[in-house]
Amino acid sequence: MEPLSARGLPRLSWIDTLYSNFNYNTDGYEGDGTEDGKSQDGSETLPYIDESPTMSPQLCTPQEPDGVMVSPTPPEGLPPGGDIEKGLEMKKLVLSGFLASEEIYINQLEALLLPMRPLKATATTSQPVLTMQQVETIFYKIQDIFEIHKEFYDALFPNIQQWDEKVTVGHLFQKLASQLGVYKAFVDNYKVALETAEKCSQANGQFQKISENLKVKGPKDSKDCTSTVTMEALLYKPIDRVTRSTLVLHDLLKHTPKDHPDFPLLQDALRISQNFLSSINEEIDPRRTAVTTPKGEARQLVKDGFLVELSESSRKLRHVFLFTDLLLCAKMKKTSAGRHQQYECKWYIPLADLTFQTLDESDSCHSIQILPEHEIEEMKIKISLLKSEIQKEKKAPKGQNRVERLRKKMNEQESWLLLHSPTIPFRLHNKHGKSYLFLLSSDYERSEWRESIQKLQKKDLQACVLSSVELQVLTSSCFKLRTVHNIPVTSNKDDEETPGLYGFLHVIVHSAKGFTQSPNLYCTLEVDSFGYFVSKAKTRVFRDTTEPHWNEEFEIELEGSQFLRILCYEKCYDKSMLNKDDNEIVDKIMGKGQVQLDPQTVQSKNWHMDVIEMNGIKVEFSMKFTSRDLSLKRTPSKKQSGVFGVKINVVTKRERSKVPYIVRQCIEEVEKRGIDEVGIYRISGVATDIQALKIAFDTNTKDILVMLSDMDINAIAGTLKLYFRELPEPLLTDRLYPAFMEGISLSDPAAKENCMMHLLRSLPDPNLVTFLTLLEHLKRVAEKEPLNKMSLHNLATVFGPTLLRPSELESTKTQNITSASDIWSHDVMAQVQVLLYYLQHSPISFAELKRNTLYFSTDV
């Protein structure tokens, strides 16, 4: 058996040198250390474990004899070289540190229980300090939690003492995770317990004295046997503990071989713990990390993340840290290989001095340089193609070197996308003069940052000015305190992680409940793709009601998506100019929430109903997922009497027209009242409205013109897109598809021109006339780009795949699809380029095309 340390824990041979020159406590890294060896809440110091799912436990950064910093252990797998013995040593290190903190935690729970028993005893006497109900509320589930952890500690301790490669601990963590239901009950009661304790302290001096002077025993053999802690601080410990326990499971898994008996048990424990953490009350602030200033002020990290800052007219990726009293903006310093990574502070604002700029953010967008949407879409396609290449190379012999090169390239492209895609302004102002501008991709994210800052500003904050030393200490601590370690790109994720869903998500937003007033309400839907969230759909405004019933269906395209977000807004109008829509003021977010898109749940033929709870509001919705291979399938209609799914020549012959009636009417309506609409043809229309129009056109309803005039313009635009998408054969035909792909790839402009015009001339007359009609319409839409934000390239991106994508039979001949992302990316860029070519061309005449066997245009 190995010798024990002063705390009764095994001494760790090769890792011992990591402890030199640093002080650590239960709440994080202290710049200067504490004099008495205790943290701010009185608990004993212990080796620090980085509580992050993406980093290995690091006690500090080791140093070589010459003082050069050595890079920390990589986040995945065992330590460098794959040394199993060192891996087990690291696992023992994690367990030893956790066991030491577990001992402190049990002592803290014991300190809470100590006054509970006498308080209960006096509750039934003539002079009670508290009533029995108050005692049971304040100390709810503490006894159960204590017994669970005492049993866990007693079982784990001998395993650490007799450590070798055969020792298993997974069953202990699995059992601990299975008892998290007790924590759920504690968390649900936590707020009430705190409020009750505070009221009782104000009303009873005796209880106040007890609650402010609880004695916590130190670890065995410690010099200072007890410390004084408040009841409020101790009541928070269970919440802090369950977060830490979950994160330790991440670290244990990293240092446990996959063939070890512990691995599946630890995985199961982690799954249970993560599900629990995602379900507990969001309002409880997870104060996992803190730094203490030299003046002894406690400074907690509340939130951190990567944001894009617009600085000196260029976009910069920053890591932003929100502490309890200030906001710090930092960037990662460039370091040479092998050196420890560090942050450099760019600026900070004390929260007491921070205000949100009142400048109308919608007007301010004009000064923000926004890339054309087609450049963003092209980059997405490039990334998808790279993903496909990586998957193919993994299966190829000796493909690993190429995989690394492709990963590096994909990382660069994904980072570019994250930097250039955000467009929503988030302005912060220091009341002493300087302003800062961040760009976010999601209103949900902007709201989260704003709410977190405003919540902290409600407290009595004092303006703080940091000295250069204090600022350096705080910035240095950010590396250990951070909760977000990597920018959210695919190349930073493990291969085992779920790639998300590719296809179409059908969502019905049913209704909302829980409003106390009758505002004008609407919802927006966001999904994630390529590491950031994008707004995809918006319901109608439901006016003057506390229970809006939308029952609106949307079809949302998913590109590797894993989450659906719903935001509920109050539409605010200037009451003095109520009927003028152009006098809208900034809409207010009433609530927001998100749900994970579990493939097993949504990939069924039936609708899945769900509820998102947000700030007391409940939004009911249903969803159903259709994979891309099914949703892109061109299926001929069984009823040849309609227009959807029926060959275009059959429809025009029946109607005795050159262009189908549905195409003519939808184009006419869009040009009449939708050509100025922002995002026309890009914004999803309500699926139920589109289906109603589809049925009306299929049955040749007499009231179709009345329906069109009353219908939302996005639904009409969506109906036109759906018509072309459901043609049994693409408008530009299956037969000519390979030739279009070859023609657009020609390098010589004259050869390309003659080839592309010859291909148009080869189309059947109904297809050609309809295509030319649509082409001129889309050009007219693009002329209004300053108003509708739809360029020729944007329109080509929307319509190209719809007009060219081969039917299922033809696509299986020409494509070798290996993954869901391939289906999305394969040939899409070329399809867009084909349509863009014709959109950018001078007007094309049907008569001239038919008259000329060779299209004369040599001055290209």
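Residues numbered from 1 in each chain as written. Predicted model: local features only at pLDDT ≥ 70, side-chain atom pairs only at ≥ 80, totals over all residues. Heavy atoms only, no water.

A word on the packing of aromatic side chains
Part 1: For the structure shown, the criterion picks out 18 aromatic pairs.
Part 2: Ring centres of Tyr661 and Phe697 lie 6.3 Å apart, and the angle between their planes is 65 degrees; this geometry places the pair in the edge-to-face category. You can see Tyr661 sitting in helix H17 (residues 661–673) and its partner Phe697 sitting in helix H18 (residues 687–698), a full 36 residues away along the chain.
Part 3: Overall, Tyr661 belongs to the partly exposed group, its relative accessible area being 24%.
Part 4: Each residue in the set Phe98, Phe152 and Phe173 is aromatic and connected to the rest through ring pairs, giving one cluster.
Part 5: Sitting above the plane of the Phe504 ring, Arg725 keeps its charged end 5.1 Å from the centroid. (Phe/Tyr/Trp six-rings, centres within 6.5 Å; stacked < 30°, edge-to-face > 60°. Helix = DSSP H or I, 4+ residues; strand = E, 2+ residues; numbered from the N terminus. Buried < 20%, exposed > 50% of the residue type's maximum accessible area, 1.4 Å probe, protein only. Lys NZ or Arg CZ within 6 Å of the ring centre and 35° of its normal.)

Observations concerning the environment of Ile667
Part 1: With respect to the helices and strands, Ile667 occurs in helix H17.
Part 2: When the C-alpha positions of Ile667 and Ile716 are compared, they lie 8.8 Å apart, and in sequence the two are 49 residues distant.
Part 3: The residues contacting Ile667, other than those within four sequence positions of it, are Leu720, Thr773, Leu774 and His777. (Contact = heavy atoms within 4.5 Å.)

As for the nonpolar core
Part 1: Grouped together as the largest cluster of nonpolar side chains are 68 residues, with contacts concentrated most on Tyr681, Tyr723, Phe724, Phe740, Leu760, Phe771 and Tyr838.
Part 2: In terms of residue count, the dominant contributor to this core is helix H23 (residues 765–783) (nine residues).
Part 3: Leu760 has contacts with Leu768, Phe771, Tyr838, Ile844 and Leu849, leaving out every residue within four places of it along the chain.
Part 4: Counting residues in hydrophobic clusters, the runner-up holds 61 residues, among them Val129, Leu176, Val229 and Val248. (Core = buried A, V, L, I, M, F, W, Y, C linked by side-chain atoms within 4.5 Å.)

Points about the sheet that holds strand S15 (residues 532–538)
Part 1: Strand order in the open sheet formed by four strands is S15-S14-S17-S18, and the pairing between neighbours is antiparallel. In this open sheet, the two edge strands, each paired with only one partner strand, are S15 and strand S18 (588–596). The average angle at which neighbouring strand axes cross in this sheet is 25 degrees, direction not considered.
Part 2: Bridge analysis of strand S17 (residues 563–570) against S18 gives eight bridges, and the strand direction is antiparallel. By the bridge assignment, Leu567 is partnered in S18 with Lys592. (Pairing = 2+ DSSP bridges. Axes fitted to C-alpha atoms, helices over the stretch in contact; angles between N-to-C directions.)

Focus: the pairing of strand S7 (residues 314–323)
Part 1: S7 sits mainly inside the fold: seven of its ten residues count as buried.
Part 2: With four bridges connecting them, S7 and strand S8 (residues 326–332) associate as antiparallel partners. What sits directly across from His319, in S8, is Ala330.
Part 3: Counting the residues in the hairpin turn of S7 and S8 gives two residues.

Considering the sheet that holds strand S20 (residues 617–627)
Part 1: Pairing within the open sheet is antiparallel, and its four strands lie in the order S16-S13-S20-S19. Two strands close off the open sheet at either side, each with one partner strand: strand S16 (549–561) and strand S19 (608–614). When strand polarity is set aside, the average angle formed by the axes of neighbouring strands in this sheet is 30 degrees.

Comments concerning the pattern of salt bridges
Part 1: Within the structure shown, the criterion is met by 30 salt bridges.
Part 2: Here Lys513 ties to Glu620 by a salt bridge, and the two come within 4.0 Å at their closest N and O atoms. Highlighted residues: Lys513 in strand S13 (residues 501–513) and Glu620 in strand S20, separated in sequence by 107 residues.
Part 3: With its nearest N and O atoms 3.6 Å apart, the salt bridge here joins Glu776 to Lys779. With Glu776 and Lys779 both in helix H23 and three residues apart, the pair spans about one turn of that helix.
Part 4: Look at Glu776 and you get partly exposed, because its relative accessible area is 25%.
Part 5: Beyond isolated ion pairs, a larger network of salt bridges with shared partners links Glu389, Glu393 and Arg402. (Salt bridge = Lys/Arg side-chain N within 4 Å of Asp/Glu carboxyl O.)

Looking at helix H13 (residues 468–481)
Since the α-helix turns once every 3.6 residues, residues separated by three or four places project in the same direction.
Part 1: End to end, H13 covers 20 Å across 14 residues, agreeing with the expected 20 Å (1.5 Å per residue, within 8%).
Part 2: Among the residues of H13, those classed as buried are Glu470, Val473, Leu474, Thr475, Ser477, Cys478, Phe479, Lys480 and Leu481. (Expected span 1.5 Å × (residues − 1).)

Digging into the packing of helix H10 (residues 373–395) against helix H28 (residues 828–840)
Part 1: Across the interface, H10 lies against H28 with an axial gap of 10 Å and an inter-helix angle of 150 degrees. Taken together, the axis directions place H10 and H28 in an arrangement best described as roughly antiparallel. Where H10 approaches H28, its residues Glu378, Ile381 and Lys382 are matched on the opposing element by Val828, Met829 and Gln833.
Part 2: Looking at the contact of H10 with H28 residue by residue, the class counts come to three nonpolar, one polar and two charged. (Parallel < 35°, antiparallel > 145°, perpendicular 65-115°, else oblique. Nonpolar A, V, L, I, M, F, W, Y, C, P; charged D, E, K, R; others polar.)

Here's the deal with the environment of Leu466
Part 1: Checked against the element boundaries, Leu466 lands in the loop between helix H12 (443–457) and H13.
Part 2: Distance in space between the C-alpha atoms of Leu466 and Pro350 is 9.5 Å, their sequence separation being 116 residues.
Part 3: In contact with Leu466, other than residues within four places in its own chain, are Arg299, Leu326, Tyr348, Leu471 and Leu474.

A word on the side chain of Ser421
Part 1: Here Ser421 shows up in the loop between helix H11 (400–420) and strand S11 (424–430).
Part 2: Within the local environment of Ser421, its side chain forms a polar contact with the backbone oxygen of Leu417, the two atoms lying 2.7 Å apart.
Part 3: The residues touching Ser421, leaving out its near neighbours within four places in the chain, are Arg315, Ile376 and Tyr532. (Polar contact = N/O pair within 3.5 Å; in protein donor to acceptor, adjacent residues only side chain to side chain.)

What about the confidence of the model for the protein?
It should be kept in mind that the predicted coordinates are not to be read in detail where pLDDT is low.
Part 1: Across the protein, the average pLDDT comes to 78, with 78% of residues at 70 or higher.
Part 2: The least confident element of the protein, judged by mean pLDDT, is strand S2 (residues 28–29) at 26; the most confident is H23 at 96.
Part 3: pLDDT under 50 marks residues 854–860. Its contacts with residues more than four places away, or in other chains, come to ten contacts. (pLDDT = per-residue confidence, 0-100.)

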